[in-house]
Each structure stands twice: as C-alpha cells, then as structure tokens.
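Structure assessment
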Amino acid sequence: MSDQKQVLVGYLAATATLVMWTGFTLVSRLGGKSVLTPYDIVALRLATASIVLLPFVGRSLSNAWRDGRLWVLAALGNLLYCTLVYQGFKYAPAAHGAILLSGLQPFLISTVIWLIAGTRPSHIRRTGLAAIAIGIVLSAVPYFSTWSSDSVFGDFLILLSSISWAVYSVLATRWGYSAWTLTRALALGSAAFYLPVYIVWLPKQLAAAPLSMIVTQCLFQGIVATILAMMAYLKAIASLGTERTAAFLALVPILSGVLAVPLLDEALTAWLLSGLVFVSLGSYIASRSAAITTGS
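Quick notes on the rules
Residues numbered from 1 in each chain as written. Predicted model: local features only at pLDDT ≥ 70, side-chain atom pairs only at ≥ 80, totals over all residues. Heavy atoms only, no water. Salt bridge = Lys/Arg side-chain N within 4 Å of Asp/Glu carboxyl O. Buried < 20%, exposed > 50% of the residue type's maximum accessible area, 1.4 Å probe, protein only. Helix = DSSP H or I, 4+ residues; strand = E, 2+ residues; numbered from the N terminus. pLDDT = per-residue confidence, 0-100. Contact = heavy atoms within 4.5 Å. Axes fitted to C-alpha atoms, helices over the stretch in contact; angles between N-to-C directions. Parallel < 35°, antiparallel > 145°, perpendicular 65-115°, else oblique. Left-handed = near helix turned anticlockwise from the far one by under 90°. Nonpolar A, V, L, I, M, F, W, Y, C, P; charged D, E, K, R; others polar. Phe/Tyr/Trp six-rings, centres within 6.5 Å; stacked < 30°, edge-to-face > 60°.

A few words on the pattern of salt bridges. In total, this model carries one salt bridge according to the counting rule given. The partner of R69 in a salt bridge is D67, and the shortest N-O contact between them spans 3.7 Å. Given the relative accessible area of 37%, R69 is considered partly exposed.

In structure tokens, the structure reads:
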C-alpha cells in the first residue's frame, strides 16, 4: 500500500473512531444514569463481545494466551479502563467525560512516549497541542464552573481511565500486534478473567433495569465500542501513528458537547463554539506533523 493510500485509510479509520467514541461517551453516561451498576455494564460489554468473537478464536489466538504482553494490554485497555470509566460516568456528566477521555489524550500520550522512549513532539506539533489545550479549556468553562464532590470524584475516576488508555495505546503501538489479534485477545481474555468474578462477587442490578437499556448497552458497548471502535482505532494508529490519531480524536469533546444540545438538552454556548474553533485548528496542525524529535 502506498504512503498516500495508507494515510487515507488511517484518516477514514480515525473518522469512524471519532464517531464511535462520541457515541461511547453519550451511551456510557446514559448507562451511568440508569439503575445498572458499572460492573453490570462491563459484564454486558464483555459477554456480548465474547459471543460475537468466540467463533473467530483460531489457532493463532490460542497460542497467544501465553503472551504476557497481551494480558497487560487486556488489563489496561479493557478491565482497568472500563471499570474506571463506567464508575466515573455514574457521577460525572458526559461533557466532563469527553474532555477527560479524548481531549487529554494527545497530552497524556505525548507524556507516556516521553517517559518510555525519551522523545518529545516537534515544534509544530507542540503548537497544535497548545491550540488544542486552549480549545479544551474554553469548551470546559461552562461545565467546570460549578463543582460538586460527586462530580470531582467522577472526574478523577475518568482521568485515571484516560491515563490507562494512553499507556495502552502507546504499548499497543510499540508491541506491534494486529488490530484483529488485539481485538479478539483483549475481549476474550478480559471476559475469561472478569465474568466469573462478576457472577460470584460483584453487585448486580440487571433485574431492575429496563430491557431496552440492557439491549442498548449490549449492542453498543459489546459490539460497537469493543469490536468496531477498537479495530478502527488500532488501524488508525497503525496508519497515522499514536500522536497524530490522538490529535484527530481531540474533536470528541466538541462533538459530544454539540450533540448534547438535542440529546441532553444542554446549551450551545459561546465557550463551546470558541473551543470548537481552537480544537479543530489544533487537531489539524498537530496531525500535519508526524515527526518527533529526540531529547529533553
């Protein structure tokens, strides 16, 4: 595949990821406001994904269970990430989650790369990141003007989940697994570990939840978020690189804020519109430069 075609495929995958991650924020908050526990949502996600993926295990994946790095990625990108983020959405609104999950990814990933590999972004990428930072701050002003202890606790949990995802993203790129291998291994490996623990020990509210909510969480979390979004995201970072993809996905907070107007009855403020301009500009600048210079 030519370089130009690879970049095009990468941006198509990143666009698909952008749409699905925006949906993830809204659907996860919907689940957080329901009677379902965070442990219920993780179980529905993993059980549904496992049912879909089990026929595709294959011999190659059977041999992968002895690879300790896959278990590390499963812990970071599924078990830890999901448990923290669904718990966080019990307390924090969708806009907070979108900002902390996707808006901070370019900075968290650059930090992780610097800590692991001793590299730092190029000057032009730093300019893009600065514009993204301004946009995130502007768009966050209406949401963070009034604090509550519940909101702060939820934000803290979502921030931890975002850090877990950044570490996962960098390691997944460095270790070079295919998107299909990672998608299957993470979902099935996580389910094999989590579901028995959930059934025996963790609190459940499935019986009290409406069937429509259970079906929504199963289909979106188990198929869209776990399988389709994971494969699209991993394809994007394989084609574009981790930092370029993260810069593109910085648009998720803005899209989530805009969609919250019709879906959550939130106002489209001047702060949000200003944030849209800066984040869009910063994402474009950062994504134009894939180079990373070495040094402190």
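Once the structure has been displayed, the description carries forward.
What follows concerns the environment of L211. Mapping L211 onto the fold places it in helix α10 (residues 211-240). Each C-alpha atom, one on L211 and one on G154, is 26 Å from the other, the two residues being 57 residues apart in sequence.

Below, the discussion takes up the confidence of the model for the protein chain. Chain-level pLDDT for the protein chain is 85 on average; 93% of the residues reach the 70-or-more range. The lowest-confidence element of the protein chain is strand β2 (residues 292-294), averaging 33 in pLDDT; the highest-confidence one is helix α2 (residues 38-53), averaging 96. Considering only residues more than four positions removed or in separate chains, one finds that residues 290-296, a stretch of pLDDT under 50, has 18 contacts.

A separate point is the packing of helix α1 (residues 3-32) against helix α12 (residues 252-264). Where α1 contacts α12, the axes come no closer than 9 Å and their chain directions differ by 55°. Judged by the inter-axis angle, α1 sits oblique to α12. The crossing of α1 and α12 is right-handed. In this structure, α1 uses L18, W21, T22, T25 and L26 to contact α12, whose residues at the interface are V252, L255, S256, L259, L263 and L264. The class makeup of the residues in the contact of α1 with α12 is eight nonpolar, three polar and no charged.

What follows concerns the packing of aromatic side chains. Within this structure, the stated rule accounts for 10 aromatic pairs. Relative to F153, the ring of Y91 has its centre 5.2 Å away and its plane inclined at 75°; by these criteria the two rings are edge-to-face. Here the residue Y91 occupies a position in the loop between α4 (68-88) and α5 (94-103), and F153 occupies one in helix α8 (residues 149-175), the gap between them amounting to 62 residues. You can call Y91 partly exposed: its relative accessible area is 31%. Judged by centre distance (6.0 Å) and plane angle (15°), the ring pair of Y194 and Y198 falls under stacked.

Here we take up the packing of α1 against α10. Remark: α1 packs on α10, axes separated minimally by 8 Å, with the N-to-C direction vectors making an angle of 150°. With respect to their mutual orientation, α1 and α10 come out roughly antiparallel. Two packed elements cross with a definite hand, and for α1 against α10 that hand is left-handed. Its residues placed into classes, the contact of α1 with α10 shows 22 nonpolar, 10 polar and one charged.

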